[in-house]
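Coordinate analysis (summary)
One-letter residues, chain by chain:
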Amino acid sequence: MSEEICKSIYFFDLDDTLVETTQFNEAAVINSLEVLEQFKINISKVDAWEFYLSIYQDIKASSDMMKMYFEKLYKIHPDKFESEELFGRIVTVGVCKYEEFFERKIKDFIPKYVIKVLEKIVSSGSKIGIISQGRPGFQMLKLKNLGLEKYFDETLRFYFEKKTESNYNLVIKDINRKYPNIELFIIGDREDIDILRPRKLGFNVIRILGLSKYRQIKTEKDYLEFINFKEFYNSLKLKNDKIDSDKKFA
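Quick look at the overall build of the chain
Within the chain, the secondary structure is distributed over 9 helices and 6 strands. In terms of overall dimensions, the chain has C-alpha extents of about 65 × 35 × 30 Å along its principal axes. The buried share of the chain, reckoned over its 250 residues, is 49%. Treating the 42 positive side-chain charges of the chain as one cloud and the 41 negative ones as another, the clouds have centres 4 Å apart.

The structure is reproduced here in structure tokens:
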């Protein structure tokens with residue numbers, strides 16, 4: 001597709017937008033914690049899960065998350081493990097269980113109508129990109145395992161540790177160099193970093209609430225918002241790459 005034909009770019013957030021990350025992560029971690037029962041470690045599932053929640057902020061978004069979890073668990077419950085050798089085996093199996101779940105099951109957490117939305121936007125002549133927050137290598141692997149890479153232009157994938165205003169400006173600078181005067185859209189779940197921050201810099205913003213843990217946080221009303229991707233899909237009338245103008249602000 002030539003640059004002249006493309007009149008708009010739709011950027012998507014990844015976590016809790018293209019994939020129900022919160023729900024996936026809970027399922028993957030619980031699956032991994034089964035290793036404790038497998039090795040007859042006297043720590044209940046409830047206690048193991050509650051400990052995970054208590055340290056989540058320290059280990060989240062890491063490809064070594066489960067390894068870090070088990071190491072911290074060992075520090076507070078060394079008496080529960082017969083030996084360091086046994087603990088090492090538990091870590092290996094627990095991490096493998098998480099990784100296998102990640103590879104096999106993450107696709108199951110793509111919200112309904114996501115693929116229909118991506119296909120419709122691409123067929124309209126627009127390009128699709130991604131602006132994701134988190135550990136870049138892990139986020140790239142996440143997109144690959146979701147099987148969605150084919151929809152995203154390789155030159156329009158941006159992975160940042162944080163979606164700061166300066167990083168959004170880096171995106172804009174890069175896009176302006178490649179596609180002068182192009183219209184930019186961004187679709188995400190979080191009001192603060194996916195909606196208000198890019199809107200301030202000139203993006204057209206679209207919020208998808210979905211099952212996001214941030215869906216109840218709303219400080220402003222004057223932006224386009226949809227309950228889920230089905231509602232967003234039904235609103236898409238991409239003549240000249242425009243969202244249905246009859247859709248009212250939420």
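Comments concerning the pairing of strand 4 (residues 183-188)
Taken across its 6 residues, strand 4 has 5 buried, putting it largely inside the fold. Sheet analysis places strand 1 (residues 8-12) next to strand 4, joined by 5 bridges and oriented parallel. What sits directly across from Y10, in strand 4, is F185. Two strands pair when backbone bridges link them, and strand 4 and strand 5 (residues 204-208) are joined in this way by 4 bridges, in the parallel orientation. Along strand 5, the bridge assignment pairs I187 with I206.

With respect to the sheet that holds strand 6 (residues 224-226)
If you walk across this open sheet you meet the 6 strands as 3-2-1-4-5-6, and the pairing is parallel. The open sheet has two edge strands, strand 3 (157-160) and strand 6, and neither has a second partner. The mean angle between the axes of side-by-side strands here comes to 20°, regardless of whether they run parallel or antiparallel. Alignment of strand 5 against strand 6, held across 3 bridges, turns out to be parallel.

Things to note about the side chain of N167
Structurally, N167 can be placed in helix 7 (residues 165-178). What N167 contacts, discounting residues up to four positions off in sequence, is F160 and K162.

Description of the packing of helix 3 (residues 65-76) against helix 4 (residues 84-105)
Two elements in contact, helix 3 and helix 4, have axes whose closest approach is 9 Å; the angle formed by their N-to-C orientations is 150°. Relative to helix 4, helix 3 is oriented roughly antiparallel. As for how helix 3 packs across helix 4, the hand of that crossing is right-handed. For the pair formed by helix 3 and helix 4, the contact residues are M65, M66, K67, F70, E71 and Y74 on the first element and E84, F87, I90, V91, G94, V95 and Y98 on the second.

Observations regarding the side chain of S32
Mapped onto the elements, S32 comes out in helix 1 (residues 21-38). You can call S32 buried: its relative accessible area is 0%. The residues touching S32, leaving out its near neighbours within four places in the chain, are M66, F70, G94, V95, K97 and Y98.

About the criteria used
Residues numbered from 1 in each chain as written. Predicted model: local features only at pLDDT ≥ 70, side-chain atom pairs only at ≥ 80, totals over all residues. Heavy atoms only, no water. Helix = DSSP H or I, 4+ residues; strand = E, 2+ residues; numbered from the N terminus. Buried < 20%, exposed > 50% of the residue type's maximum accessible area, 1.4 Å probe, protein only. Lys, Arg positive; Asp, Glu negative; His and termini not counted. Charge placed at Lys NZ, Arg CZ, Asp CG, Glu CD. Pairing = 2+ DSSP bridges. Axes fitted to C-alpha atoms, helices over the stretch in contact; angles between N-to-C directions. Contact = heavy atoms within 4.5 Å. Parallel < 35°, antiparallel > 145°, perpendicular 65-115°, else oblique. Left-handed = near helix turned anticlockwise from the far one by under 90°.

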